[in-house]
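Structure assessment
Here is how the chains run, residue by residue.
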Amino acid sequence: MKYNITKAVVIGSGTMGAAIAAHLANIGVPVTLLDIVAKDSPDKNKIVKEGWDRCIKAKPANLMGADLKTLVTLGNLEDDFGAVAEADWVCEAIVENLKIKQDLMTRIDEIRKPNAIISTNTSGIPVKAIAEGRSKSFKQHFLGTHFFNPPRYLKLLEIIPTVDTSKDVAEFFMHFGEFDLGKGVVLCKDTPNFIGNRVAFGTGAFAMDFILNNEYAVDEVDALTGPLMGRPKTATFRLIDLVGVDVWDHVGKNLAPLIAHDKLGQKYLAAEKPRKLMDTLLERKWLGNKTKVGFYKEVRDAEGKKQFYSLDLNTMEHVPAGKPRFDSVKAAKDVEGLGDRLKVMLEADDKAAKLVKALTYQSFQYVSTLIPEVADTAKPIDDAVRWGFMHDAGPFEIWDMLGVKETVKRMKAEGYPAAKWVDEMLKNGVETFYQYKGDNKVGAYDVSKKKYVKFKASEGFVFLKDMRGTKKEISKNAGASLYDIGDGAALVEFHTKMNALDDDILLLLPKHWTDLKMILMVWSSAVKRITSVQARICSWSWLLLSKACGISSMARSADCKA
């Protein structure tokens, strides 16, 4: 059976639900956003209106344009539930309570279209449990679709089919997620917290315990665990403030009873000092950005300028943030390449280096223990970490950079031994988690098969680094490169700062236009694929560019097709 999503319903207008609805509007899909009836107001839609209002006012913006809000219809679960009967996709994003979710699925099952896809955005409840008691057809069309917040900006979409999910449904949604929603899709097993959050909390709980036991300051930690380690500037404590201290605590508490078998995770999720710290923050309602106070506090100086004080973890008072200085950081900060930069830190022995060493080696240890429970190879874990948390590289990719064999010895010496399968892999003469052809990854080591498994080529991918310097490169100047990608289509790669249009770009295209049917735009030197979201941006930019180049509207009609 072929599937197509032309109309959707999102149930739950909280932070995630409303943002998912907004992202559907971004790709041109009409969506109805539903929530429960307000009991304290004559306006039955009060709750959904407030949720949507927060969504459209949020920064960064959830909508790509203000006009797109016309694609979102608001309603409540009493008067407007009939919208479910017309939807091609119904996404549940309500409170994390199994009974409430199951009751909602019962209502959906009664009126859904036979081929409608139903999904849950749960972050930790077993997906199969949510569909218990439902019809056979419902179960075949049901799966987990776990977005990361905010959905417009964070690339990761975890797809979690159950044993009952139709293969056609899972394959369709993976394609829809990748090419329509513009996501990096990771197919997950139905295990606690799936992949992204399982890794985040297994390593994050250790980090918090290590930080408190070794008396690191908040601003010291964030200075070390950001770009220096290939991570965003939010680093550690700014990230928790962004997510919400209450949300972070809630996810950790929910995870603990689900992973009784995970000795490493249990050890640090139950650690006393982090528990006491989080309880204090919750008692004081220091929840992070949403309350303007958490591990950082927003204050105004005498001139009214905004400043951020950091929390002193000993006194539990906010103090002016310091500017930590470490010899190891000074030596590493200008080193090009994440692997080489980390090697400098791991060879050093000052306070900063000890933190980086502990976090790096424990993360390697922890993710190695998750295979084959959550994934059979390193790739899904690395993809989830990169796309879900905006890291430059996943843990196994970094491990390969550092040298697996040598790093395993160092990990053992530091008290973070890798899982047994890593030792077995090395004994069998396999010394990297990925198989490489030049600088490109072409396969990954499969633990159960005890050998590399080749990656399947995905439709729609264009690997620019494979075309540079070949016959596929039609023309090049300082502003851009033009590539022939077949079928009369060309691809333009911008080299300019901030992808600005300049004379070189405008001179490059017109002389080749008559030989081409269409042109796709690529903003930077990274590997890209054109999705419907990117195509919308392409069309706007191409309109300006084509006018400048004097290209006809007929010639433009095929631009940026996904």
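Scroll up a little and you will see the structure.
Residues numbered from 1 in each chain as written. Predicted model: local features only at pLDDT ≥ 70, side-chain atom pairs only at ≥ 80, totals over all residues. Heavy atoms only, no water.

Structural notes on the overall build of the chain
To keep it simple, the criterion reads: By definition, any uninterrupted DSSP run of H or I lasting at least four residues is a helix, any uninterrupted run of E lasting at least two residues is a strand, and each is numbered from the N terminus. The classification of residues rests on relative accessible area computed with a 1.4 Å probe and restricted to protein chains. Under 20% of the type maximum is buried, over 50% is exposed, and intermediate values are partly exposed. Whether two residues are in contact is decided by their heavy atoms, any of which lying within 4.5 Å being enough. Computed with the Shrake-Rupley method and a 1.4 Å probe, the accessible areas treat only the protein chains shown as cover for residues.
When you go through the chain residue by residue, the secondary structure sums to 23 helices and 18 strands. Taken over 562 residues, the chain has a buried fraction of 51%. In the chain, the proportion of contacts linking residues at least 24 apart, taken out of those at least 6 apart, comes to 65%. Carbon and sulfur atoms make up 53% of the accessible area of the chain, which totals about 26,700 Å².

Notes on the pairing of strand S7 (residues 156-161)
Definition in use: DSSP-based pairing: two strands are paired if at least 2 bridges between them are found. Orient the strands so they point away from the viewer, and a crossover whose first-strand-to-second-strand path over the helix runs clockwise is right-handed.
A large share of S7 lies buried, amounting to five of its six residues. Bridge analysis of strand S6 (residues 142-147) against S7 gives five bridges, and the strand direction is antiparallel. Residue pairing across strands places glycine 144 opposite isoleucine 160, the latter belonging to S7. In this fold, the crossover linking S7 to strand S8 (residues 184-187) by way of helix H6 (residues 167-179) has right-handed handedness.

Focus: the pattern of salt bridges
Selection criterion: Counted as salt bridges are all cases of a side-chain nitrogen of Lys or Arg within 4 Å of a carboxyl oxygen of Asp or Glu.
For the structure on display, the rule yields 32 salt bridges. Notably, a salt bridge pairs lysine 46 with aspartate 40, separated by 3.5 Å at the nearest N-O pair. Lysine 46 gets classed as partly exposed once you look at its relative accessible area, which sits at 26%. Overall, aspartate 40 belongs to the exposed group, its relative accessible area being 63%. As a salt-bridge pair, glutamate 92 and lysine 101 come within 2.4 Å of each other at their nearest N and O atoms.

Brief notes about the environment of leucine 239
Looking at where leucine 239 falls in the secondary structure, it is placed in helix H9 (residues 237-243). The class for leucine 239 is partly exposed, based on a relative accessible area of 22%. Counting along the chain gives 49 residues from leucine 239 to glycine 288, while the straight-line C-alpha distance between them is 9.2 Å. Excluding residues within four positions of it along the chain, leucine 239 makes contact with Thr234 and Trp248.

A closer look at the sheet that holds strand S9 (residues 296-300)
As a reminder, the rule being used: Only the contacting stretch of a helix is used when fitting its axis, a line to C-alpha atoms as for every element, and angles between N-to-C directions run 0 to 180 degrees.
An order of S9-S10-S11 is seen for the three strands of this open sheet, with the pairing classed as antiparallel. At either margin of the open sheet sits one strand with a lone partner, and together these are S9 and strand S11 (317-320). Pairs of neighbouring strands in the sheet enclose a mean axial angle of 45°, with direction left out of account.

Here we look at the sheet that holds strand S12 (residues 434-437)
Pairing is antiparallel across the open sheet formed by three strands, whose spatial order is S12-S13-S14. Two strands close off the open sheet at either side, each with one partner strand: S12 and strand S14 (451-454). Here the average twist between neighbouring strands, direction ignored, is 40°. Examined bridge by bridge, strand S13 (residues 440-446) and S14 share four bridges and lie antiparallel to one another. Paired with alanine 444 across the bridge in S14 is valine 453.

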